[in-house]
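Inside the fold
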Number of protein chains: 2
Amino acid sequence: MNSAYDVYEDKCPTRQMLERLADKWTLLILDRLESGPIRFNRLRRDIKGISQKVLSQTLKKLERDGLISRRVFATVPVTVEYDLTPLGRTLTETVRSLAHWAEHHMDAILASQSAYDAAVL
Amino acid sequence: MNSAYDVYEDKCPTRQMLERLADKWTLLILDRLESGPIRFNRLRRDIKGISQKVLSQTLKKLERDGLISRRVFATVPVTVEYDLTPLGRTLTETVRSLAHWAEHHMDAILASQSAYDAAVL
DNA sequence: CTCCTTAGTATCTATTGGAAACCATGTAAC
DNA sequence: GTTACATGGTTTCCAATAGATACTAAGGAG
């Protein structure tokens, strides 16, 4: 294994990559892509609250990093399909558990927040 | 399981929580805490590039969410120790794999980026 | 002719992230 | 005694980013 890479180092390229992954939209997109190829607007509707600009930017970066693929179909109107690459698939388990961890522990988190806020008063 | 929570929903509290987790500093902090309690400045030195302000803010939020604990020792100068809570420990496996995924796939990512950039020209 | 769809881009503003300076306290060195 | 450094922060400021909104082009439906 290449020990030249270390996420704790400031200028290591892995830092940039971690920054890309450590993004709520990136995680939701990768999680949503797990079940197969999806079109742009379908993604936009499924991931409630994401803007077109941010979705477009995020997809472009993920494509550049080789995590997702982009296929254009000459339909009318044009259709664009996004899918996970094999490299992207190596992340699905991790992404899934991170993206859904909150759903399973939200009650405990909310309780902790209430207790913390009460103590601060 | 509480099906009222859904990270794909815009106003679901899990979204806020995902946003907290999906942060490079949060991930690095949680990963660093895995091996036991650590003081503030030790964290700051280990996680290269983090500012005091951001470290302080992030730790405070994680404490409020119940993922880490904060203990103050009346030494001179004062010592503050941060540690994972049992709730925080439920995340360690996931955090570790996400934080270190880049280290194991960086070569493939860099190759993909080069190919992408060459194609755009 | 108008509205809807597709997948984006362009523009503008509000929020945030990060760099640096500052704070109080006490100990050790000069 | 006073300068320097350690602790764990907070405050201030500016640049970069995130998000909301409007716009593009090309065609189908009503």
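Provided above is the structure to which this section pertains.
Residues numbered from 1 in each chain as written. Chains lettered and ligands numbered in written order. Predicted model: local features only at pLDDT ≥ 70, side-chain atom pairs only at ≥ 80, totals over all residues. Heavy atoms only, no water.

Focus on the pattern of salt bridges
So the rule is basically this: For this document, the term salt bridge refers to a Lys or Arg side-chain nitrogen within 4 Å of an Asp or Glu carboxyl oxygen. Each helix is a run of H or I in the DSSP string that is no shorter than four residues. Each strand is a run of E no shorter than two, and both are numbered from the N terminus. Exposure is judged per residue with a 1.4 Å probe applied to protein chains only, and the accessible area is read against the type maximum: over 50% gives exposed, under 20% gives buried, and values in between give partly exposed.
In the structure shown here, the tally under the stated rule is 16 salt bridges over all chains. Of the charged contacts in the structure, one is a salt bridge between Asp 117 of chain B and Arg 64 of chain A, with a shortest N-O distance of 2.8 Å. Remark: Arg 64 of chain A occurs in helix 4 (residues 52-64) and Asp 117 of chain B occurs in helix 6 (residues 92-120); the pair is interchain, linking two chains. Among the residues examined, Asp 117 of chain B registers a relative accessible area of 32% and is labelled partly exposed. Owing to a relative accessible area of 26%, Arg 64 of chain A belongs among the partly exposed residues under this scheme. When the shortest N-O distance is used, the salt bridge between Asp 46 of chain B and Arg 32 of chain B registers 2.8 Å.

Here's the deal with the relation of the copies chain A and chain B
The operation linking the two copies of the chain is a rotation about an axis combined with a translation along the axis. Spelled out, the test is: Alignment of the copies relies on least squares applied to C-alpha atoms, considering only residues that score at least 70 for pLDDT in both. By definition in these notes, contact holds between two residues if any of their heavy atoms fall within 4.5 Å.
Overlay of chain A on chain B (RMSD 0.0 Å): rotation 180°, translation along the axis 0.0 Å. In symmetry terms, the pair is related by a two-fold rotation axis. Across chain A, the smallest distance between a C-alpha and the rotation axis is recorded for Ala 22 of chain A, namely 2.2 Å. Of the interface residues in chain A, 100% have counterparts in chain B that sit at the interface too, so the contact is made through matching surfaces.

Observations regarding the interface of chain A and chain B
Stated formally: Accessible area, probed at 1.4 Å, shrinks when two parts are joined; the buried area is that loss added up over both.
In this assembly, 55 residues from chain A lie in contact with 55 residues from chain B. For the chain A and chain B pair, buried surface summed over both sides reaches about 5,200 Å², with 64% attributable to carbon and sulfur atoms. Its largest share of buried area at the contact with chain B, chain A owes to Tyr 8, Arg 64 and Trp 101 of chain A, together 15% of the area lost on that side. If you look at where chain A meets chain B, you find six salt bridges. Salt-bridge contacts for Lys 24 of chain A lead to Glu 19 of chain B; the nearest nitrogen and oxygen are separated by 3.2 Å.

Remarks on the sheet that holds strand 1 (residues 38-39) of chain B
All names here are of chain B. Which entries qualify depends on this criterion: A pair of strands counts as paired when DSSP detects no fewer than two bridges linking them.
One open sheet accounts for three strands, arranged 1-3-2; its pairing is antiparallel. Edge positions in the open sheet fall to strand 1 and strand 2 (68-73), since each of these has one partner strand only. Bridge count for strand 1 against strand 3 (residues 79-84) is two bridges, and the pairing is antiparallel. Within strand 3, the residue paired with Arg 39 across the bridge is Glu 81.

Digging into helix 2 (residues 24-33) of chain A
The periodicity of an α-helix, 3.6 residues per turn, causes residues three or four positions apart to be oriented the same way. Among the ten residues that make up helix 2 of chain A, ten are buried, leaving the element largely enclosed by the rest of the structure. Burial in helix 2 of chain A covers these residues: Lys 24, Trp 25, Thr 26, Leu 27, Leu 28, Ile 29, Leu 30, Asp 31, Arg 32 and Leu 33 of chain A.

Comments concerning the side chain of Asp 31 of chain B
Defined as follows: When charges are tallied, Lys and Arg are placed among the positive residues and Asp and Glu among the negative ones, while His and the ends of the chain are skipped.
As for its position among the elements, Asp 31 of chain B is in helix 2 (residues 24-33). Look at Asp 31 of chain B: it is buried, it has no salt bridge, and the nearest opposite charge is Arg 96 of chain B at 5.3 Å. Setting aside residues no more than four positions away along its own chain, Asp 31 of chain B makes contact with Tyr 8 of chain A together with Val 95, Arg 96, Ala 99 and His 100 of chain B.

Things to note about the protein's contact with DNA strand D
To be explicit about the condition: In this text, near means that some heavy atom of the residue lies within 4 Å of the molecule or strand in question. N or O atoms closer than or at 3.5 Å make up a polar contact, with two conditions inside protein: a donor-capable atom paired with an acceptor-capable one, and, for residues adjacent in sequence, both atoms drawn from side chains.
Near DNA strand D there are 20 residues, and of these Lys 53 of chain A together with Asn 41, Gln 52, Arg 70 and Tyr 82 of chain B occur at the shortest range. Each atom of DNA strand D within 4 Å of the protein was assigned to sugar, phosphate or base; sugar and phosphate come to 64%. Take Arg 45 of chain B: an N or O atom from its side chain is 3.4 Å from a phosphate oxygen of DNA strand D. Measuring from a phosphate oxygen of DNA strand D, one finds a side-chain N or O atom of Tyr 82 of chain B at 2.7 Å. Mapped by element, the contributors of at least two residues to the surface near DNA strand D are helix 2 and helix 4 of chain A together with helix 3 (40-46), helix 4 (52-64) and strand 3 of chain B. If you tally residues by element for the surface near DNA strand D, the top one is helix 4 of chain B, at four residues.

Some thoughts on the protein's contact with DNA strand C
To keep things clear, this is the line we draw: Polar here means any residue outside two lists: the nonpolar Ala, Val, Leu, Ile, Met, Phe, Trp, Tyr, Cys and Pro, and the charged Asp, Glu, Lys and Arg; Gly therefore counts as polar.
Taken together, 20 residues are adjacent to DNA strand C, and Asn 41, Gln 52, Arg 70 and Tyr 82 of chain A together with Lys 53 of chain B come closest. Backbone atoms, meaning sugar and phosphate, form 65% of the atoms of DNA strand C found within 4 Å of the protein. Within the side chain of Ser 56 of chain A, a nitrogen or oxygen atom sits 2.9 Å from a phosphate oxygen of DNA strand C. The side chain of Trp 25 of chain B places a nitrogen or oxygen atom 2.8 Å from a phosphate oxygen of DNA strand C. The biggest single contributor to the surface near DNA strand C is helix 4 of chain A, with four residues. For the surface near DNA strand C, the residue count by class is eight nonpolar, five polar and seven charged.

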